[in-house]
Amino acid sequence: IIEILNKSYDYGVNYYDTSPAYGKSENFLGEVFKKKRDKIIISSKIGLGNFGDRIDFTISTLEKQLYNSLKNLKTDYLDIIYFYNPEFKKYDFSRSYEFIKKQQEKGIIKTIGISFKSPNEIKNIKKKFSFDFAQCNFNILDNRIYDKKIMKYFIENDVYIIARTVLGLGILTETSYKNNYKFNKGDIRSNFSKQQINLWKSGIDEIKKFTRNKIPIDEIALKFCLSEKLIFSNLLGVRSLNELKKN
């Protein structure tokens, strides 16, 4: 992991997204970039400590997560902090937001973002909450952000879009396509329904027709997201130096 991070920096990558829920991710980033902090952008998240836990935006939890992240990352500030998948209709978000705004005033946080489980949640944001960044799913098969109400929110509020699932959790890769989407039991993708897999596959089949099957789907998918001017930055996860070089 350390080798991948160092090499990514050499290749020109300057934005790294993490979370307390991503295992030792923050620790690795802190170790690798502690002497290059001013050269990179780091974002982390609040509201979820571990996958499977209940999302918690109480002040005590946010404070603990925020300062643990700073410690793990070996830094005294975060460029972006994302609220993790808040559901505005379920609870009053005001105190949580005010707490983070105070941290921003102290210089501990530079900008505030929101990470959505579904882009449709954007329609429920109240006007009193202001965000600089929105992180949400977007790829060549998932175009939900093009909804008129969602786009209106982004444009009218000057919100920068950070795209994740650019390769659809690996669905939009030539390897998965050729393997007919067969995943090991421990792989989260093994839980996808056959109906959903077939829907994705049919979409990929249609896309590949335009290239006469000469260009790998991952290359097409990546170029699609990189060409979308509405997207400020694209997030990609890699597990090897080969994947890093390829992407």
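Refer to the structure printed above.
Remember, predicted model here, so these are calculated numbers, not experimental data.

## Observations concerning the overall build of the chain
When helices and strands are tallied, the chain shows nine helices and seven strands. Compactness check: the chain gives a C-alpha radius of gyration of 19 Å against a globular reference of 18 Å for 247 residues, within 12% of the reference. On the principal axes, the C-alpha backbone points of the chain span a range of 55 × 40 × 35 Å. Considering only residue pairs separated by 6 or more positions, the chain has 71% of its internal contacts joining residues 24 or more positions apart. Accessible surface for the chain amounts to roughly 14400 Å². Of this, 50% is attributable to carbon and sulfur atoms. Computing the positive centroid from 44 side-chain charges and the negative centroid from 29, the chain places the two 3 Å apart.

## Some words on the pattern of salt bridges
Scanning the entire structure with this criterion turns up 13 salt bridges. With a closest N to O distance of 3.1 Å, Lys34 and Glu31 form a salt bridge. Here the salt bridges do not stand alone but share partners, grouping Glu31, Lys34 and Lys74 into one network.

## Observations regarding the sheet that holds strand S2 (residues 41-46)
In space, the seven strands of this open sheet follow the order S1-S2-S3-S4-S5-S6-S7, with parallel pairing throughout. Pairing within the sheet leaves two strands with one partner each, and these edge strands are strand S1 (15-17) and strand S7 (231-234). For this sheet, the mean inter-axis angle between neighbouring strands, taken without regard to orientation, is 25 degrees. As judged from the four bridges shared by S2 and strand S3 (residues 78-84), these two strands associate in the parallel manner. When the sheet's bridge partners are listed, Lys45 is paired in S3 with Tyr82. Against the sheet, helix H4 (residues 94-105) touches S2, S3 and strand S4 (109-115), its axis set at about 150 degrees to S4.

## A short note on the pairing of S2
Judged by how many residues are buried, S2 sits mostly within the fold: five of six residues are covered. Relative to S2, S1 runs parallel, the two being bridged by three bridges. Considered in S2, the bridge of Asp17 is made with Ser43. Handedness of the crossover joining S1 and S2 through helix H2 (residues 25-33): right-handed. The β-α-β motif built from S2, the intervening helix H3 (residues 59-72) and the parallel element S3 has right-handed crossover chirality.

## Looking at the packing of aromatic side chains
In total, this model carries 17 aromatic pairs according to the counting rule given. Taking the centre distance of 6.3 Å and the plane angle of 80 degrees together, the rings of Phe83 and Phe131 count as edge-to-face. Taken together, the residues span a long stretch of sequence, with Phe83 in strand S3 and Phe131 in the loop between S4 and strand S5 (133-137) at a distance of 48 residues. When the centroid spacing of 5.1 Å and the interplanar angle of 55 degrees are considered together, the rings of Tyr97 and Phe129 count as tilted. Here the residue Tyr97 occupies a position in helix H4, and Phe129 occupies one in the loop between S4 and S5, the gap between them amounting to 32 residues.

## So, the packing of H2 against H3
In the contact formed by H2 and H3, the axes pass within 8 Å of each other and the chain directions differ by 40 degrees. Viewed along their axes, H2 and H3 adopt a mutual orientation that is oblique. Side by side, H2 and H3 meet where Glu26, Asn27 and Gly30 of the first sit next to Asn68, Ser69 and Asn72 of the second. Looking at the contact of H2 with H3, its residues break down into no nonpolar, five polar and one charged.

## Quick look at the state of the cysteines
On inspection of all chains with the given rule, the structure shows zero disulfides. Here Cys136 is not disulfide-linked; the sulfur of Cys225 is the nearest cysteine sulfur, at 11 Å. The exposure class of Cys136 is buried, given its relative accessible area of 0%.

## Brief notes about the environment of Met151
Within the secondary structure, Met151 is located in helix H5 (residues 148-156). Residue Met151 is classed as buried on the basis of its relative accessible area of 11%. Taking C-alpha positions, Met151 is 35 Å from Lys182, a pair spaced 31 residues apart along the chain. With sequence-adjacent residues up to four places away left out, Met151 is seen in contact with Ile145, Tyr146 and Leu230.

Quick notes on the rules
Residues numbered from 1 in each chain as written. Predicted model: local features only at pLDDT ≥ 70, side-chain atom pairs only at ≥ 80, totals over all residues. Heavy atoms only, no water. Helix = DSSP H or I, 4+ residues; strand = E, 2+ residues; numbered from the N terminus. Rg over C-alpha atoms; globule rule 2.2 N^0.38 Å. Contact = heavy atoms within 4.5 Å. Areas by Shrake-Rupley, 256 points an atom, 1.4 Å probe, with all protein chains shown as cover. Lys, Arg positive; Asp, Glu negative; His and termini not counted. Charge placed at Lys NZ, Arg CZ, Asp CG, Glu CD. Salt bridge = Lys/Arg side-chain N within 4 Å of Asp/Glu carboxyl O. Pairing = 2+ DSSP bridges. Axes fitted to C-alpha atoms, helices over the stretch in contact; angles between N-to-C directions. Buried < 20%, exposed > 50% of the residue type's maximum accessible area, 1.4 Å probe, protein only. Right-handed = clockwise from strand over helix to strand, strands pointing away. Phe/Tyr/Trp six-rings, centres within 6.5 Å; stacked < 30°, edge-to-face > 60°. Parallel < 35°, antiparallel > 145°, perpendicular 65-115°, else oblique. Nonpolar A, V, L, I, M, F, W, Y, C, P; charged D, E, K, R; others polar. Disulfide = S-S within 2.5 Å.

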